[in-house]
Amino acid sequence: KLVLSVSTSGASPSLSASIKKELQQRYSEDYESYLDFLFECRSIIKKEFPEESRKALLTKLTDASYIHEADKRNVYKQALISEIQRKHVSKPITE
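Residues numbered from 1 in each chain as written. Predicted model: local features only at pLDDT ≥ 70, side-chain atom pairs only at ≥ 80, totals over all residues. Heavy atoms only, no water.

Chemist: Teacher, can you tell me more about the overall build of the protein here?
Modeler: Regarding its fold elements, the protein presents five helices and zero strands. Counting from the amino terminus, helix and strand elements in the protein follow one another as α-α-α-α-α. Taking 12 Å as the expected radius of gyration for a compact globule of 95 residues, we find that the protein reaches 19 Å, considerably beyond that expectation. Taken along the three principal axes of its C-alpha coordinates, the protein extends 70 × 25 × 20 Å. The proportion of buried residues among the 95 residues of the protein is 18%. The contacts of the protein with a sequence gap of at least 6 include a subset with a gap of at least 24, amounting to 57%. (Helix = DSSP H or I, 4+ residues; strand = E, 2+ residues; numbered from the N terminus. Rg over C-alpha atoms; globule rule 2.2 N^0.38 Å. Buried < 20%, exposed > 50% of the residue type's maximum accessible area, 1.4 Å probe, protein only. Contact = heavy atoms within 4.5 Å.)

Chemist: Is there a simple way to think about the pattern of salt bridges in this case?
Modeler: Side chains carrying opposite charge are able to pair once their charged atoms draw close together. Here the structure, examined in full by the defined rule, presents two salt bridges. Across the salt bridge formed by K77 and E40, the nearest N and O atoms sit 2.4 Å from each other. Of this pair, K77 sits in helix 5 (residues 70–90) while E40 is found in helix 2 (residues 30–48), placing the two residues 37 residues apart along the sequence. Since its relative accessible area comes to 23%, K77 is described here as partly exposed. (Salt bridge = Lys/Arg side-chain N within 4 Å of Asp/Glu carboxyl O.)

Chemist: Explanation requested: the packing of aromatic side chains in the structure shown.
Modeler: Centre-to-centre distance and the angle between the planes together describe a pair of aromatic rings. A full pass over the atoms with the stated rule returns six aromatic pairs. Seen from their ring centres, Y34 and F37 are 6.3 Å apart, and the 25 degrees between their planes marks the pair as stacked. Within this pair, Y34 and its partner F37 are both found in helix 2, separated by three residues, close to a single helical turn. The class for F37 is buried, based on a relative accessible area of 5%. An aromatic cluster of at least three residues, connected via ring pairs, comprises Y27, Y31, Y34, F37, Y66 and Y76. Looking at K72, its charged tip hangs above the ring of Y66, at a distance of 5.0 Å from the centre. (Phe/Tyr/Trp six-rings, centres within 6.5 Å; stacked < 30°, edge-to-face > 60°. Lys NZ or Arg CZ within 6 Å of the ring centre and 35° of its normal.)

Chemist: Would you mind showing me how to read unusual backbone geometry here?
Modeler: If a residue is not glycine, its phi is most likely negative; likewise, a peptide bond is most likely trans. Even without glycine at this site, S9 takes up a positive phi of about 55 degrees. Given a relative accessible area of 74%, S9 falls into the exposed group.

Listed below in structure tokens is the structure:
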């Protein structure tokens, strides 16, 4: 999901290759699962949470510690799901 592009417009293909290598090292495979996490959580937040609380929830997702800590991502996502379930349980049934 993460797409980065490098070009020197032909001025230095070797510099482009060098920068590309740096980016590949910097943005490791951890970013793929992190982006999946971001996408899933963002979808949940946009669908289930009121607009006034979304920004804080979405901003929290960009904390750098989530990039390399899959367990922390799972805890956060489970907390979102638990909050949704809690809200649905506490809603009165109207007919």
